[in-house]
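Here are the chains, one letter per residue:
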Amino acid sequence: MHRVLTARFMHETNTFSRVRTDMALIRRRDFHLENEIPAAFRGTRSALGATFEAADKYGWSLVHPVSANPNPSGIVLDDAFEEICGMIIGAAEIKGPIDGALLHLHGAMVTDSYEDAEGELLARLRQTLGPQIPIVATLDLHANVTRKMADSANALIAFRTYPHVDMYERAWQGAELLNRAMRGEIRPFTVIARRPMLHGFDWGRHQSSPMSELLSRADAIEQRGEALAISICAGFALANIHDVGPSVTVTIDQMRSDRASGQSIAEDFMDHAWATRDFTSVHTLSVAEAVARARQGKPGDKPLVVADYTDNPGGGGYGDATAFLKGLVEADIERVAFHAICDAEAVQAGMRAGVGTRAILTLGGKIDPRVGGGPLTLEGEIVCLTNGRFIAYGPMGGGVERNYGPSMVFRVGGIDIVVITNNGQANDLGQFTSLGIDPTRYTTVAVKSMQHFRAAFESIARDVILVDTGGLCQVRYTPKLFTKVRRPIWPLDPIADPSIR
Ligand SMILES: [Zn+2]
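Here's what I pulled together on the structure shown here.

1. Notes on the packing of helix 4 (residues 78–94) against helix 5 (residues 117–129)
Argument step 1. Where helix 4 contacts helix 5, the two axes come as close as 10 Å, and the packing angle between them is 25 degrees. On the basis of their axis angle, the class for helix 4 and helix 5 is roughly parallel. For the pair helix 4 and helix 5, the crossing hand works out as right-handed. Taking contact as the criterion, the partners of Phe 81, Glu 82, Cys 85, Ile 88, Ile 89, Ala 92 and Glu 93 in helix 4 are, on helix 5, Ala 117, Glu 120, Leu 121, Arg 124, Leu 125, Thr 128 and Leu 129.
Argument step 2. Per-class residue counts for the contact of helix 4 with helix 5 are nine nonpolar, one polar and four charged.

2. Observations regarding the sheet that holds strand 10 (residues 247–253)
Argument step 1. The strand order 8-10-9 describes an open sheet built from three strands, whose pairing is antiparallel. The open sheet has two free edges, formed respectively by strand 8 (188–193) and strand 9 (229–233), since each of these has just one partner strand. Sheet twist, expressed as the average angle between the axes of neighbouring strands with direction ignored, equals 15 degrees.
Argument step 2. Both strand 9 and strand 10 contribute to a ladder of five bridges, which runs antiparallel. Opposite Ala 229, over in strand 10, you have Thr 251 as the bridge partner.

3. Quick word on empty space enclosed by the protein
Argument step 1. Counting across every chain of the model gives two cavities of 30 Å³ or more.
Argument step 2. Here the largest cavity is characterised by a volume of approximately 50 Å³.
Argument step 3. Lining the largest cavity are His 339, Thr 386, Gly 388, Phe 390, Tyr 404, Ser 407, Val 418, Ile 420, Gln 431, Ser 434 and Leu 435.
Argument step 4. Among the residues forming the lining of the largest cavity, the class breakdown is five nonpolar, six polar and no charged.
Argument step 5. Approximately 30 Å³ is the volume found for the second largest cavity.

4. Considering the pairing of strand 19 (residues 415–420)
Regular strands have side chains that alternate between both faces of the sheet.
Argument step 1. Along strand 19, six of the six residues are buried, which leaves the element largely enclosed by surrounding structure.
Argument step 2. Burial along strand 19 is two-sided: Ile 415, Ile 417 and Val 419 and Asp 416, Val 418 and Ile 420, pointing in opposite directions, are all buried.
Argument step 3. With five bridges connecting them, strand 18 (residues 407–412) and strand 19 associate as antiparallel partners. What sits directly across from Arg 411, in strand 19, is Asp 416.
Argument step 4. The turn joining strand 18 and strand 19, which pair antiparallel and follow one another in sequence, is formed by two residues; a positive phi near 60 degrees is taken by Gly 413.

Rules of the game
- Residues numbered from 1 in each chain as written.
- Predicted model: local features only at pLDDT ≥ 70, side-chain atom pairs only at ≥ 80, totals over all residues.
- Heavy atoms only, no water.
- Axes fitted to C-alpha atoms, helices over the stretch in contact; angles between N-to-C directions.
- Helix = DSSP H or I, 4+ residues; strand = E, 2+ residues; numbered from the N terminus.
- Parallel < 35°, antiparallel > 145°, perpendicular 65-115°, else oblique.
- Left-handed = near helix turned anticlockwise from the far one by under 90°.
- Contact = heavy atoms within 4.5 Å.
- Nonpolar A, V, L, I, M, F, W, Y, C, P; charged D, E, K, R; others polar.
- Pairing = 2+ DSSP bridges.
- 1 Å grid on protein atoms, 1.4 Å probe; cavity = no way out; pocket = protein on both sides within 12 Å on 5 of 7 lines; lining within 4 Å.
- Points joined across faces, edges and corners; volume = space filled by probe spheres on them.
- Buried < 20%, exposed > 50% of the residue type's maximum accessible area, 1.4 Å probe, protein only.

In structure tokens, the structure reads:
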């Protein structure tokens, strides 16, 4: 029986955020230790759910020290990184011997000491397990993948969808590969290609080219057996780090092919990334334009879904931008469901007032009033209070519990405003229905998200638009912001020869 180490440690670090990621923040939601992990994930369509199923199928004995998945936020404190890293490495040291490792990582975590936190974690694990033990890691499509990560793991397997609805499938792919490696059937090795680019692949949207085209090429190459896995990562550009940017990693079987052939596939894919670097399918409207669109809704219409692209909590946005809400209130738009303002203080004030009472509350804009609109003082009725916990069953939910902390619905005129304690983007209808709001009955549904909202909200929408509220995720590509990035790099510098990597 193989003993397999598994763990989940995922954080997308927006280095421009003021919110420092400490252990208290990490423990606040989606954090589980050893014995809590099977109860939380067995039977769910999550990466760990797939890992438990694979363990049953292959007869593995699993060692699972920790699952930590804090919402994207600012730089992770060294103490927090060392604590969780210590749990994972400690399990490998103490609970050994370990025959293989299947880690579920993001790939864009930055700590005080390590710009490439996953590279550091994987290198430490390699050091502990030695060169012969296979290590497989699943990654988010928005990973900033480094050579250290590729060198330290045998295989890197990134999500292929955005919205990310294939975490379960990718974990299964990783598990299968790990099992074959532990049985000695394959010897996986991973190569990486990059270009001097800060972002690429249309931010990873797989619905159209360049991603759709490259993903089908990758599928065909995998099916022909020329590579074990091809991972196309768009990178996470809200990171002022040396190795920011898109990448392609190719995992080959050293028993059947050589590294050069894998490298040439990776380079070929990145040539395509370079050629298509200018393409974007993202088009945002101003607050005034979005409010005007909302005004056109008539009673009985399916919802117009308006996504605040720049205050996306899924990209480290504070989730408390008020600019669009202010526009809706001032225009007196009715039949609006608004998700959400992340503001623990406001929820506490609502709880003190109680359900059914009217109150004057100051919402949002508190973390950094310079972005997304400052605090907004409104009079309204507290119509619902909950603990913010529910099971998410949408395409991204997987049947896993969500915990937004104490939550409230605050009704201002014709706008039902969800106010939450733990930050998170809207990607599951349960984020409304758990608070008594049926979003299909509203003419306008406002969410804060760049793309993941589409998983659940596109199917209920009469139309979808994106609004720019000037939130934290509004990127200005200037050398002044990206001081630590390798240079030259597009789009900061003119680049004559992209083969400089
Ligand atoms: Zn992502």
